[in-house]
Amino acid sequence: MGSGAWGAGRARPCGRGPGPLSPVSPAWRGRSAPAMGLELYLDLLSQPCRAVYIFAKKNRIPFELRTVDLRKGQHLSDAFAQVNPLQKVPVLKDGDFVLTESVAILLYLARKYKVPDHWYPQDPQACARVDEYLAWQHTALRRNCLRALWHKVMLPVFLGELVSPETLAATLAELDVALQVLEGKFLQDKAFLTGPHVSLADLVAITELMHPVGAGCQVFKGRPKLAAWRQRVEAAVGEALFQEAHEVILKAKDSQPADPTLKQKMLPKVLAMIQ
């Protein structure tokens, strides 16, 4: 689940160096745009999209933002299927080159642009620690954070589907287990998940955890080490950028109900995604 439907040493190829951010484009309307270099198709409701967005902006990578509104079903349109047949975000387009998985997108950006080494270290063992977390999180933390948001908020509020107390309790219990692994296996007593410096692992993890936070879950309560880690990650990213990227998810509870036609189209895909 590398993209959110709602998805030996490394060479760093030469490309456009860091520079001022391109102006953010208007919302994507399902029509092709002229080639403008790097384009990112995102909706900040999606946790992988937030990771890509923060990474690109923090490292001053110039890009054009193409907003794909998931709650309007824009990702399910025939026009967007021409961009990504999987009908998921995020998507990266770099000229004629297209990537459709968030971890691949993050690694591509880290390799192509001259970002600080701590994000994805060249040291083989330090790099492997980041890879280890990125491999684990797909079916562990990401799955549980996604299910928590949908079972607690998005299914009942956005799609009008009741979730039984037993189902919600089981989902939150599974999330608690994943949080214990995150803290006990990966964070331990380190400043960040893979060592003394912030990395892609931390960025991917924090954007995942903000999903249940957006649903009203107190994931940091009673976990002082995890709460202190969050503060360090937010400081490393920059508070203003962190808040900007998470504004949408923190208002998820205010989502308007989907119209019946869109609900009929989306519900089977959502249920398959969170099973």
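Residues numbered from 1 in each chain as written. Predicted model: local features only at pLDDT ≥ 70, side-chain atom pairs only at ≥ 80, totals over all residues. Heavy atoms only, no water.

Student: What's the story with the pairing of strand β3 (residues 91-94) in this structure? I'm lost.
Tutor: Residues in a regular strand project their side chains so that they alternate between the two faces of the sheet. Here four bridges tie strand β1 (residues 38-42) to β3, and the two strands are oriented antiparallel to one another. If you follow Leu38 over to β3, its bridge partner there is Asp94. Note that β3 and strand β4 (residues 97-99) share three bridges and pair antiparallel. Residue pairing for β4: Leu92 is matched across the bridge by Leu99. (Pairing = 2+ DSSP bridges. Helix = DSSP H or I, 4+ residues; strand = E, 2+ residues; numbered from the N terminus.)

Student: In this structure, what is going on with the pattern of salt bridges? I would like to understand it.
Tutor: Oppositely charged side chains may form a pair once their charged atoms are brought near each other. Within this structure, the stated rule accounts for 13 salt bridges. Overlapping salt bridges, with partners in common, bring together Arg129, Glu132 and Lys185 in one network. (Salt bridge = Lys/Arg side-chain N within 4 Å of Asp/Glu carboxyl O.)

Student: What is the right way to look at the packing of helix α4 (residues 124-137) against helix α7 (residues 200-214) in this model?
Tutor: The contact between α4 and α7 brings their axes to 8 Å, and the two run at 25 degrees. The orientation of α4 with respect to α7, classified from their angle, is roughly parallel. On α7, the residues that touch Val130, Tyr133, Leu134 and Gln137 of α4 are Leu200, Ala201, Val204, Ala205 and Glu208. Looking at the contact of α4 with α7 residue by residue, the class counts come to seven nonpolar, one polar and one charged. (Axes fitted to C-alpha atoms, helices over the stretch in contact; angles between N-to-C directions. Parallel < 35°, antiparallel > 145°, perpendicular 65-115°, else oblique. Contact = heavy atoms within 4.5 Å. Nonpolar A, V, L, I, M, F, W, Y, C, P; charged D, E, K, R; others polar.)

Student: Where do I start with helix α8 (residues 224-237) in this structure?
Tutor: Three- or four-residue spacings in an α-helix give side chains the same orientation, since the helix completes a turn every 3.6 residues. Given a rise of 1.5 Å per residue, 14 residues ought to cover 20 Å, and the 20 Å separating the end C-alpha atoms of α8 matches this to within 8%. Within α8 the residues assigned to the buried category are Leu226, Trp229, Val233, Glu234 and Val237. Viewed along the axis of α8, the buried residues span an arc of 135 degrees, placing them on a single side of the element. When the buried face of α8 is taken as reference, the exposed residues oriented beyond 90 degrees from it are Pro224, Gln231 and Ala235. (Expected span 1.5 Å × (residues − 1). Buried < 20%, exposed > 50% of the residue type's maximum accessible area, 1.4 Å probe, protein only. Arc of directions from axis to C-beta.)

Spatial relationships are all this shows, so hold off on functional conclusions.
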